[in-house]
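Summary of structural features
Spelled out from the first residue to the last, the chains are:
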Amino acid sequence: MQKAQMHVVANTCATGNVASVASNFGPESGPNDGQQLMLSSSALGLEILYESCKQVYPLQPNPLQVTAFIKYWLGGPDPLDYISMYDHPGIPELHIPPHWHYISFGLTDLHGDGRVHEPSGPEFPSGFGFELTFRLAKKSGEATPPTWPAALLQALAKYVFHTGNSFFAGDHVSWHCPLDGSDFECRLQHMLLAEDLLLPPVQGPLGSVKFLQVVAVTEEELQVSQHWNGTSVLELLRRVPSAGGPWLVADMQRQLSLFELQPSFRREVEHGIDRDGCSLSGVSARCHWEERKVTSKTGSAWRSPEAEDDSSSQDDEEDEPEAGATLGRHRPADGEPTINGEIWPIRRLYKGVHLTLNLEAASLLPVVLRGRLRHDRHFTFKAVAGETAVTLLTGRVGGALASPSAPLVAKGPWLQILVDSEWLAKLESDLACLQQPDGVVVPKTFCWFDRQMALTVVPDEL
């Protein structure tokens, strides 16, 4: 994980040798450096956040803070102005351990003057509408908070600023490395988002603010969140003190997943998936598709989507005529990708489609088939770079472009694939191997000639 360029601010009431917190951060700032800005009458959003923190920590008016060397509006790379770090003593009778509570400042509008966020009004979200928090269990004798959670929040904020994608309670973040950047065998390598129980939403003159807590989870907990839903997994974590407990406190020493601690929860999950389906409606992926006749040569002739494809149709038969510019009026479906406001023609793809997905994204297909399409819900793979998107859906999804008479339809770079009940059963059988992605040798191509559809699964890193 790339380290954010920040330094620790020691306010007058803070204790401890701040300079020793982490050598990766800059020198200690002067007294009240951050606090003076907090109390500035021009920083109305900042004051609202500070007052929210003061309600929870009235005896800690001057917490330790991590702040960016160069503020974002001055050209710095780090969008969060500050991360405050509070010392919570814990509540033993409620199984809440002593912990550090990190709270971000900067995803919402702090100043109201347009330097970072477009000004809104009280009835709208402020900035992105949320700030991030994190709870880290204190080690015995630990006098100052580690700063790696601040760098983690800063990295998440960069993602939000760079992509424009907001977070919501129940969302998951696939990270694939120890959250604290350590080299030891840390199992907490992914994240869920939850409402912070101590910090309720607030309404201010610059808009509304929610506080979303970043929750550290294991690979298995992440996968269950994808198969079922993040909110239900969070509730299971709250029931087990050693897995986070009521306030979802991260213990980076935890070596057992929730389902190793409570094996009976696996049965609850299976019943929950069958009852509720999967709430995950889409993911970012390395995804590519092209209109192409699917033949017996498709698998052996696969090539990287990054390669030139001027000759992609050399072996194809004569093109069939395209359908008209429209297949009827289109009402946008939930989760429809935004395609730069362009007006794209709607095309029926007569020749067929060859879809390419990276292994991690493709491993979700059994989940998508069981938890989404079986419940007549759509699912979208959105390319990490570019505007390509692929949506799988059934005939009972409202507002769709695809239909039984036109099962493969494109609107610009957005592809829709209609899956009927007969093909759904076939896909579940053919793609069952993706439930164990470690055993799949890639690249691997699946072909459904009667549907003129092919899927090639490629390594996560080409």
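Residues numbered from 1 in each chain as written. Predicted model: local features only at pLDDT ≥ 70, side-chain atom pairs only at ≥ 80, totals over all residues. Heavy atoms only, no water.

1. Regarding the overall build of the chain
Helix and strand content of the chain: 10 helices and 19 strands. Taking the contacts inside the chain whose residues are at least 6 apart along the sequence as the reference set, 67% of them involve residues at least 24 apart. (Helix = DSSP H or I, 4+ residues; strand = E, 2+ residues; numbered from the N terminus. Contact = heavy atoms within 4.5 Å.)

2. Observations regarding the sheet that holds strand E18 (residues 444-448)
Each strand in a sheet pairs with another by means of backbone hydrogen bonds, the pair being arranged parallel or else antiparallel. Taken in spatial order, the 4 strands line up as E11-E13-E19-E18 in an open sheet, and their pairing is mixed. Each having just a single partner strand, strand E11 (287-291) and E18 make up the two edges of the open sheet. Sheet twist, expressed as the mean angle between neighbouring strand axes with direction ignored, is 15°. Here 5 bridges tie E11 to strand E13 (residues 353-358), and the two strands are oriented antiparallel to one another. Note on E13: the bridge partner recorded for Cys287 is Leu357. Most of the contacts of helix H10 (residues 421-430) go to E18, to which it runs at about 155°, and overall it touches E18 and strand E19 (453-458). (Pairing = 2+ DSSP bridges. Axes fitted to C-alpha atoms, helices over the stretch in contact; angles between N-to-C directions.)

3. Some remarks on the pairing of strand E15 (residues 389-393)
Within E15, 5 of the 5 residues are buried, which leaves the element mostly enclosed by the surrounding structure. Where burial is concerned, the two faces of E15 agree: the one with Ala389, Thr391 and Leu393 and the one with Val390 and Leu392 are both buried. Here strand E14 (residues 379-383) hands over to E15 after 5 residues, with Gly386 in that stretch at a positive phi of 90°. Taken together, the 5 bridges between E15 and strand E17 (residues 414-418) define a ladder with parallel strand orientation. Looking at the pairing, Val390 lines up with Leu415 of E17. (Buried < 20%, exposed > 50% of the residue type's maximum accessible area, 1.4 Å probe, protein only.)

4. Things to note about the pairing of strand E3 (residues 82-88)
Burial within E3 is extensive, with 6 of its 7 residues counted as buried. Of the pairings in the sheet, the one linking strand E2 (residues 64-68) to E3 comprises 4 bridges and is antiparallel in character. By the bridge assignment for E3, Thr67 is matched with Tyr82. As paired strands, E3 and strand E4 (residues 99-105) are joined by 7 bridges and run antiparallel to one another. Bridge assignment links His88 to a residue of E4, and that residue is His99.

5. So, the packing of helix H4 (residues 219-227) against helix H5 (residues 230-238)
Between two packed helices, the angle of one axis relative to the other and the distance separating the axes together describe the packing. One can describe the packing of H4 onto H5 by two numbers: an axis separation of 7 Å at closest approach and a directional angle of 140°. Our classification of the angle between H4 and H5 gives oblique. Between H4 and H5, the residues in contact are Glu221, Val224 and Ser225 and Gly230, Val233 and Leu237, respectively. Residue classes in the contact of H4 with H5 are distributed as 3 nonpolar, 2 polar and 1 charged. (Parallel < 35°, antiparallel > 145°, perpendicular 65-115°, else oblique. Nonpolar A, V, L, I, M, F, W, Y, C, P; charged D, E, K, R; others polar.)

6. Focus: the environment of Leu373
Tracing the chain through its elements places Leu373 in the loop between helix H9 (365-371) and E14. Using a relative accessible area of 1% as the deciding quantity, one classes Leu373 as buried. Ignoring any residue separated from it by four or fewer positions in sequence, one finds Leu373 in contact with Val368, Leu392, Leu393, Thr394, Val419 and Leu424.

7. What about the nonpolar core?
If you look at the biggest cluster of nonpolar residues, it comprises 40 residues, and the most contacted ones within it are Leu365, Phe381, Ile417, Leu431 and Leu455. Of the residues forming this core, the biggest block, 4 residues, is contributed by H9. Contacts of Ile417, omitting those with residues within four sequence positions, involve Val390, Thr391, Leu392, Leu393, Pro407, Leu408, Trp423 and Met453. In this structure, Leu80, Phe130, Val173 and Leu188 belong to the second largest nonpolar core, which totals 32 residues. (Core = buried A, V, L, I, M, F, W, Y, C linked by side-chain atoms within 4.5 Å.)

8. Regarding the packing of aromatic side chains
Considering all chains together, one arrives at 10 aromatic pairs under this definition. Geometrically, the ring pair formed by Tyr72 and Phe161 is edge-to-face, given 5.1 Å between the ring centres and 70° between the ring planes. With a gap of 89 residues between them, Tyr72 in the loop between E2 and E3 and Phe161 in helix H3 (residues 148-163) connect regions that are remote in the sequence. On the basis of relative accessible area, Tyr72 is assigned to the partly exposed category, the value being 25%. Here Phe379 and Phe381 contribute two aromatic rings whose centre-to-centre distance is 5.1 Å and whose plane-to-plane angle is 65°, an arrangement assigned as edge-to-face. A single burial state applies to Phe379 and to Phe381, both of which are buried. Ring pairing ties together the aromatic residues Tyr72, Phe128 and Phe161, which thus form one cluster. Its end group placed over the ring of Trp73, Arg115 keeps NZ or CZ at 4.7 Å from the ring centre. Over the ring of Phe446 we find Lys444, and its NZ or CZ is 5.3 Å from the ring centre. (Phe/Tyr/Trp six-rings, centres within 6.5 Å; stacked < 30°, edge-to-face > 60°. Lys NZ or Arg CZ within 6 Å of the ring centre and 35° of its normal.)

9. Observations regarding the sheet that holds E14
Strand order in this open sheet of 6 strands is E10-E14-E15-E17-E16-E12, and the pairing throughout is mixed. Of all strands in the sheet, those with a lone pairing partner are strand E10 (282-285) and strand E12 (346-348), marking the two edges. Direction aside, neighbouring strands of the sheet carry axes that sit 20° apart on average. Bridge analysis of E14 against E15 gives 4 bridges, and the strand direction is antiparallel. Residue pairing across strands places Phe381 opposite Val390, the latter belonging to E15.

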